[in-house]
Amino acid sequence: MKFTPAKLNSFLFFKLPSAFLCGVRTKAIDENQCVVSVKHRWINQNPFNSMYFAVQAMAAELSTGALVMMHIKKSGRAISMLVANNKGSFTKKATGRITFTCNDGHLITDAIEKTLATGEGQTFWMKSIGTDEKGDQVSVMEFEWTIRVKK
């Protein structure tokens, strides 16, 4: 699969339907950056009239995970990936369209090279920053990814 926003959004529909139904959509992806957005709507709200934290986490995780998937595909090897840990900070009420941007694509290549060379699993943290339509930061989500060569 070529990694384009349209292909990733189709992937969401079939493999992560809850994210798709909540409105999570990939807007842009390249080797270093992935941009994902989601709009505050009735289906993804919390009782405080803002976006539910788990919806923000889905969008933020996709912005990091899509980069990991892209780099694994580029390696041509069978490598598994899994989230080991995550952290989140919420600094402002999430209303309107929230855009999550991850600029950590450069971290993946080194981890893939190490796991291929040693056969041992590797872990690395990736950060996604969520901003509203005014450009104000609403949340920061970090995900610890673990990768290893499949046996």
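Described in the following lines is the structure provided in the data block. The structure presented is a predicted model; accordingly, all values stated were derived computationally and were not measured.

### A short note on a nonpolar patch on the surface
Here's step 1: Among the surface-exposed residues, L21, W42 and I43 lie close enough to one another that they form a single nonpolar patch of about 400 Å² accessible area.
Here's step 2: Note on placement: W42 falls in the loop between strand 2 (34–39) and helix 3 (53–75).
Here's step 3: The exposure class assigned to W42 is exposed, which follows from its relative accessible area of 70%.

### Some details on helix 4 (residues 106–118)
Here's step 1: Among the residues of helix 4, those classed as buried are I108, A111, I112 and T115. The buried residues of helix 4 occupy an angular sector of 105° when projected down its axis, which confines them to one face.
Here's step 2: Two residues or fewer past helix 4, G119 is found with a positive phi of approximately 80°.

### Focus: the sheet that holds strand 5 (residues 122–131)
Here's step 1: Taken in spatial order, the six strands line up as 1-2-4-5-6-3 in an open sheet, and their pairing is antiparallel. A single partner strand is all that each edge strand has here, and the edge strands are strand 1 (25–29) and strand 3 (79–90). Strand after strand, the sheet turns through a mean of 25° between neighbouring axes, direction not considered.
Here's step 2: In terms of strand pairing, strand 3 meets strand 6 (residues 137–149) through eleven bridges, oriented antiparallel. Note on strand 6: the bridge partner recorded for S80 is R148.
Here's step 3: The strands that helix 3 touches are strand 1, strand 2, strand 3, strand 4 (97–102), strand 5 and strand 6; relative to strand 6, the one it contacts most, it runs at about 35°.
Here's step 4: Of the strands in this sheet, strand 3, strand 5 and strand 6 are in contact with helix 4, which crosses strand 5 at around 160°.

### With respect to a positive patch on the surface
Here's step 1: Together, K27, K39, R41 and R97 give the surface a local cluster of positive charge.
Here's step 2: The topology assignment puts R41 in the loop between strand 2 and helix 3.

### Things to note about the pattern of salt bridges
Here's step 1: Scanning the entire structure with this criterion turns up four salt bridges.
Here's step 2: For K92, the salt bridge identified is with D136, shortest N-O distance 3.0 Å. Separated by 44 residues along the polypeptide, K92 in the loop between strand 3 and strand 4 and D136 in the loop between strand 5 and strand 6 bring together distant segments of the chain.
Here's step 3: With relative accessibility at 35%, the residue K92 sits in the partly exposed group.
Here's step 4: D136 gets classed as partly exposed once you look at its relative accessible area, which sits at 34%.
Here's step 5: Where K114 meets D110, a salt bridge forms, and the shortest distance between an N and an O atom there is 3.4 Å. Separated by four residues within a single helix, K114 and D110 lie in helix 4, roughly one turn from each other.
Here's step 6: Judged by relative accessible area, which is 40%, D110 ranks as partly exposed.
Here's step 7: Salt bridges sharing common partners tie together K92, D132 and D136.

### Notes on helix 1 (residues 5–15)
Here's step 1: Turning to helix 1, its buried residues number three or more, namely L8, N9 and L12. Across the axial projection of helix 1, the buried residues extend over an arc of 100°, all falling on one side. Projecting away from the buried face of helix 1 at angles above 90 degrees are the exposed residues A6, F14 and K15.
Here's step 2: Tucked inside the fold, the buried residues of helix 1 contact helix 2 (17–21), strand 1 and helix 3.

The rules behind each value
- Residues numbered from 1 in each chain as written.
- Predicted model: local features only at pLDDT ≥ 70, side-chain atom pairs only at ≥ 80, totals over all residues.
- Heavy atoms only, no water.
- Patch = residues over 30% accessible without salt bridge, like charges linked within 9 Å, V, L, I, M, F, W, Y side chains within 5 Å.
- Areas by Shrake-Rupley, 256 points an atom, 1.4 Å probe, with all protein chains shown as cover.
- Salt bridge = Lys/Arg side-chain N within 4 Å of Asp/Glu carboxyl O.
- Helix = DSSP H or I, 4+ residues; strand = E, 2+ residues; numbered from the N terminus.
- Buried < 20%, exposed > 50% of the residue type's maximum accessible area, 1.4 Å probe, protein only.
- Arc of directions from axis to C-beta.
- Pairing = 2+ DSSP bridges.
- Axes fitted to C-alpha atoms, helices over the stretch in contact; angles between N-to-C directions.
- Contact = heavy atoms within 4.5 Å.
- Lys, Arg positive; Asp, Glu negative; His and termini not counted.
- Charge placed at Lys NZ, Arg CZ, Asp CG, Glu CD.

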